[in-house]
Amino acid sequence: MTDRDSTISEAADAAEAASNTKALDVVARSGFAVMALLHIIVGAIAIALAFGHPGEADPTGAIEQLAANPWGPALMWACMVGCAGLSLWQLSEATLRARHLPRKERIGKLISSGFLAIAYGSVGLSFAGFAVGLRGDSGESTRDVSAALLSNPFGGVILSALGLTVIGVGIYFVVKGVRRRFKEELHFDGSRRGKLIDSLGVTGHVAKGIALFLTGLLFAIAAAKRSPEESTGLDGSLKALRDHEYGPYLLFAIGAGFICYGMFALVRSKFGRM
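Residues numbered from 1 in each chain as written. Predicted model: local features only at pLDDT ≥ 70, side-chain atom pairs only at ≥ 80, totals over all residues. Heavy atoms only, no water.

### A word on the side chain of Lys208
So, point 1. If you trace the backbone, Lys208 turns up in helix α8 (residues 192-225).
So, point 2. A polar contact of 3.0 Å, which involves the side chain of Lys208, links it to the side chain of His39. (Helix = DSSP H or I, 4+ residues; strand = E, 2+ residues; numbered from the N terminus. Polar contact = N/O pair within 3.5 Å; in protein donor to acceptor, adjacent residues only side chain to side chain.)

### Considerations on the packing of aromatic side chains
So, point 1. Taken as a whole and assessed by the stated rule, the structure comprises eight aromatic pairs.
So, point 2. Taking 6.4 Å as the distance between ring centres and 45° as the angle between the ring planes, the aromatic pair formed by Tyr261 and Phe264 counts as tilted. Residue Tyr261 and its partner Phe264 are both found in helix α10 (residues 247-271); the two are separated by three residues, about one turn of the helix.
So, point 3. What makes Tyr261 buried here is its relative accessible area of 12%.
So, point 4. You can call Phe264 buried: its relative accessible area is 2%.
So, point 5. Clustering of aromatic rings is evident, with ring pairs tying together Tyr172, Phe173, Phe182, Tyr261 and Phe264. (Phe/Tyr/Trp six-rings, centres within 6.5 Å; stacked < 30°, edge-to-face > 60°. Buried < 20%, exposed > 50% of the residue type's maximum accessible area, 1.4 Å probe, protein only.)

### Topic: helix α7 (residues 155-178)
So, point 1. For α7, which comprises 24 residues, the first-to-last C-alpha distance of 35 Å matches the rise-based estimate of 34 Å (1.5 Å per residue) to within 8%.
So, point 2. All of the buried residues along α7 are Gly155, Gly156, Leu159, Gly163, Val166, Ile167, Val169, Gly170, Phe173, Lys176 and Gly177.
So, point 3. Within two residues after α7, Arg180 carries a phi angle of roughly 60°, on the positive side. (Expected span 1.5 Å × (residues − 1).)

### Regarding the state of the cysteines
So, point 1. Taken as a whole, this structure holds zero disulfides when the rule is applied.
So, point 2. Its sulfur unpaired, Cys79 is 6.6 Å from the next cysteine sulfur, which belongs to Cys83.
So, point 3. Assessed through its relative accessible area of 5%, Cys79 is described here as buried. (Disulfide = S-S within 2.5 Å.)

### Remarks on unusual backbone geometry
So, point 1. The backbone of Arg180 sits at a positive phi, close to 60°, despite the residue not being glycine.
So, point 2. You can see Arg180 is positioned in the loop between α7 and α8.

### Focus: the environment of Gly257
So, point 1. By the element assignment, Gly257 lies in helix α10.
So, point 2. Owing to a relative accessible area of 0%, Gly257 belongs among the buried residues under this scheme.
So, point 3. Between the alpha carbons of Gly257 and Gly204 there is a distance of 4.6 Å; along the sequence they are 53 residues apart.
So, point 4. Apart from the residues within four sequence positions on either side, Gly257 is in contact with Thr203, Gly204 and Ala207. (Contact = heavy atoms within 4.5 Å.)

Below you can see the structure in the form of structure tokens.
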């Protein structure tokens, strides 16, 4: 190993040690709690949609619900800090801690944790936007992005790739739920409490996977038809279910599943492996 490699390794070791601080652990766990709350609210909105009530069943709609209370601005900043901490922790998982893994596992960790770091960071930015008064319709924003992509020569390919990626993530969540791979993230198992959390994990992961699959499918359809109006994000994919004969029942089930996932994530914030 050269002096340069040794210096880089020592710097990475120091950064990894810094990322193992109690402060980051607490903030990251609070970020899991924030995500849990968002999933529960999205689930409640989806159930309301099933009964014909208005609402926006996606993270933006959930954040809007949280912002509409007397402590809205302070809550927005607090949630933003939690999401930023969780994003930073996932980034350290993707880079600093993953460097000790075999090459194949390291690449997988880089992709999975890197994706989550971006996802949690974007939610944190949404909280910051609401905190300073910047609010918008997520479905409209998704359509605008899709329209911008489709106006370019390779935009359809990019939008198709995005749709297939979201579909893949949805399938991953379903498989993770069915095979109970989420149990690796928790500290306890086997007790009555463990069995309850196991049920929440299976139901929640499958429901979220189905919702993501539908969202990705709309992206793919928008790309195939070159019609950005088809690309409406999570909220649009769930609302589209209402037009089918058994759609409201499926929408209700997905909403209940999101609530289960939120409850599982709340347990994850307390008992999860960090």
